[in-house]
Amino acid sequence: MAKETSLLDEIVSLAKRRGFVFQSSEIYGGLNGFFDYGPLGVELRKNIKDAWWEDMVRRRDDMVGLDSGIIMNPKIWQASGHVDGFTDPMVDCKESKMRYRADQLFAAEVLVDGTSLGWISLIESEKMEQEAKDKADLLKRKGAMQGSLEPLDLRPYDELAEEDQLQVPSPATGTVGALTPPREFNMMFETHVGALRDASSLCYLRPETAQGIFANFKNVVDTGRVKVPFGIAQIGKAFRNEITPRNFIFRSREFEQMEIEYFIPPGEEEWKRYHREWIQTRTEWFDSIGLTKELLGEEVHPKEKLAHYAQACTDITFKFPFGEHELEGIAARGNFDLSQHQEHSGKNLEYFDEVLKAKYLPNVIEPSLGVDRTFLAVLCSAYQIDEIEGEKRTVLRFHPRIAPVKAGIFPLVKNKPELVERAQSFYKRLQKKWNVLYDQGGAIGRRYRRIDEIGVPFGLTIDFETLEGDGTITVRDRDTTKQERLSEDEIIAFLEEKIES
């Protein structure tokens, strides 16, 4: 497990060192749960979003786009249930002032042959079982108890009886009785609109992009010449005041979503069919951007864990360095959202189906994906350390379609003006089509290593054979390090096939 933890540390270090991700406000000590994306990071994010938009919207006849506001009428969030129900159970340590999610704070009573030695507590993690055993062993040694430890029954803090919660020590200080009872904590960020700062001006930063789609359903139907089944797609920022943001950009307080609300006719057979189709569509898309199949999985939510209105929900999971977790959720939401907005707004949101000759509120399939979480999955999947001619190499094996830089253009040496001029000319030509870089500093092998570390798929070297021979350029593949010679026109056709297919 220590090896897996260090892998994430390596990726985080590389992300900062090469300008992918920075801690937000770093020169002021940072701000927990917020991140900034550097020069390479913004390119990778943009390429992920562009690939999603191209495949999910532009290449489909049943999809349209939307860009709704971050701040909307607060009645939207009352109708959706977010004002009253968008909460997490929270526990505070009265001594350290640390705050924990009650469902991520675990505790167990330590028993030796039926005799209690007290309780242990720890934060949920992939290595939680071993950490709990180590804590129990330490408690036994401190108590100088003879006998056998009984198996630990680790349970979330909010599932413990009140009398047991009083026995749980704080993870921060170890003090029994320092933890408060769980209480609900609303995760929406509040703000005020206008000159006044009172209840009448209260608004929220949206915690999801979906409700903007539902609120605009009638507008899109009336103006978009769309027919059920059809979808509305949106990419946009969302904000959640997470109690415990963690695992780098996996769970943060400001993030970007790529969401689809796909509207379908009512009926059990209908939602089951479309739900399965969307799971397959989304899984195939991840493969198309280079997320290896062995790192992906599916997790079906059991009925007792579903939201009260949901018919089904399946997560596409990814094996991150810190464990297998949700990458994208695909939910069958029924017509709950449209029903709520119709009731609270007083506007008729029913759709007239010309085929069925009937009015109804469509059901919805919702594939919901985070840009930042996809970014992290792509980074983890691409990161490798291999060996080239006895020398260790750090490489990011990004799919060419989403690689932040598509090619590096190099003159073989920098002290030959004719090589430099030819390389710069070709660089300017490629720059009109893709994000490419030019580098003439250092030995050519060192330049190759630099672009390998930031995931550039191809190195293009202008050498003396380019000038004196047939005009071809050396094309070096990042993953195999094999080289071939192609003309400028052949290189452009080659890159178009690799990047744009």
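Below or above, wherever it landed, is the structure these notes cover. Since the model is a prediction, treat every value here as computed from it, not as a measurement. (Residues numbered from 1 in each chain as written. Predicted model: local features only at pLDDT ≥ 70, side-chain atom pairs only at ≥ 80, totals over all residues. Heavy atoms only, no water.)

## Some thoughts on the side chain of Arg373
What counts is decided by this rule: Strands here mean DSSP runs of E at least two residues long; helices mean DSSP runs of H or I at least four residues long; both are numbered from the N terminus. We call a residue buried when its accessible area falls under 20% of the maximum for its residue type, exposed when it is over 50%, and partly exposed in between, using a 1.4 Å probe and counting protein chains only. For this count, His and the chain ends are skipped, Lys and Arg are scored as positive, and Asp and Glu as negative. We define a salt bridge as a side-chain nitrogen of Lys or Arg found within 4 Å of a carboxyl oxygen belonging to Asp or Glu. Throughout this description, a polar contact denotes any pair of N or O atoms lying within 3.5 Å of each other; where both atoms belong to protein, one of them has to be capable of donating a hydrogen while the other can accept it, and for residues adjacent in sequence the pair is counted only when both atoms sit in side chains. Only heavy atoms enter the contact rule, under which two residues are in contact if any of them lie within 4.5 Å.
Relative to the helices and strands, Arg373 resides in helix H11 (residues 371-382). Buried and unpaired, Arg373 has no salt bridge, with Glu326 as the nearest side chain of opposite charge at 4.5 Å. A polar contact of 3.1 Å, which involves the side chain of Arg373, links it to the backbone oxygen of Phe250. Those residues in contact with Arg373 that lie beyond four places of it in its chain are Phe250, Arg251, Phe320, Glu326 and Leu327.

## Observations regarding the environment of Leu149
Secondary-structure assignment places Leu149 in the loop between helix H5 (128-142) and strand S8 (155-156). Placed 16 residues apart in sequence, Leu149 and Lys133 show a C-alpha to C-alpha distance of 9.3 Å. Each residue touching Leu149, except ones within four places of it in the same chain, is listed here: Val110, Leu111, Val112, Ala136, Asp137 and Lys140.

## Details of the packing of aromatic side chains
The criterion, for reference: Centres within 6.5 Å make a pair out of two Phe, Tyr or Trp rings, where for Trp the six-membered ring is used; the pair is then stacked when the planes are under 30 degrees apart, edge-to-face when over 60, and tilted otherwise.
In this structure the tally under the stated criterion is 20 aromatic pairs. An angle of 75° between the planes, with centres 5.2 Å apart, marks the rings of Phe250 and Phe320 as edge-to-face. Of this pair, Phe250 sits in the loop between strand S12 (230-239) and strand S13 (254-264) while Phe320 sits in strand S15 (residues 312-320), placing them 70 residues apart in sequence. Among the residues examined, Phe250 registers a relative accessible area of 6% and is labelled buried. Note on Phe320: relative accessible area 5%, which makes it buried.

## Observations regarding helix H2 (residues 39-58)
The condition is simple: Multiplying one less than the number of residues by 1.5 Å gives the expected span of a helix.
Between its first and last C-alpha, H2 extends 27 Å over 20 residues, near the 28 Å set by a 1.5 Å rise per residue. Buried residues of H2: Leu40, Gly41, Leu44, Arg45, Asn47, Ile48, Lys49, Ala51, Trp52, Asp55, Met56 and Val57, and no others.

## What to know about the sheet that holds strand S19 (residues 363-370)
This is how the line gets drawn: Note on pairing: DSSP must find at least two bridges between two strands before they are called paired. Angles shown run from 0 to 180 degrees and are taken between the N-to-C directions of axes, each axis being a line fitted to C-alpha atoms and, for helices, limited to the stretch in contact.
With mixed pairing, the seven strands of this open sheet are ordered in space as S3-S12-S13-S19-S16-S15-S14. Two strands lie at the open edges of the sheet, namely strand S3 (63-65) and strand S14 (296-300), each paired on one side alone. With direction set aside, neighbouring strand axes in the sheet form an average angle of 25°. Looking at chain direction, strand S16 (residues 323-334) and S19 are connected through six bridges and run antiparallel.

## Quick word on a nonpolar patch on the surface
Cut-off, in case you're wondering: Residues enter patches when their relative accessible area tops 30% and they take part in no salt bridge; the joining distance is 9 Å for like charges and 5 Å for the nonpolar side chains Val, Leu, Ile, Met, Phe, Trp and Tyr. Each accessible area is a Shrake-Rupley estimate made with a 1.4 Å probe; only the visible protein chains count as cover when residues are assessed.
The grouping of Ile70, Ile71 and Val193 at the surface amounts to a nonpolar patch, some 220 Å² of accessible area in total. Structurally, Ile70 is set in the loop between S3 and helix H3 (74-80). The exposure class of Ile70 is partly exposed, given its relative accessible area of 32%.

## Things to note about the packing of helix H12 (residues 417-431) against helix H15 (residues 488-500)
For clarity, the cut-off: By convention the crossing between two helices is left-handed if the near helix lies anticlockwise of the far one by an angle smaller than a right angle, and right-handed if it lies clockwise. Each residue gets one label: Ala, Val, Leu, Ile, Met, Phe, Trp, Tyr, Cys and Pro are nonpolar, Asp, Glu, Lys and Arg are charged, and the others, such as Gly, are polar.
Packing of H12 against H15 leaves a shortest axis separation of 12 Å and a crossing angle of 35°. For the crossing formed where H12 meets H15, the hand is right-handed. Together, Arg422, Phe426, Arg429 and Leu430 of H12 and Glu488, Asp489, Ile491, Ile492 and Leu495 of H15 make up the contact between the two elements. Taken together, the residues of the contact of H12 with H15 sort by class into five nonpolar, no polar and four charged.

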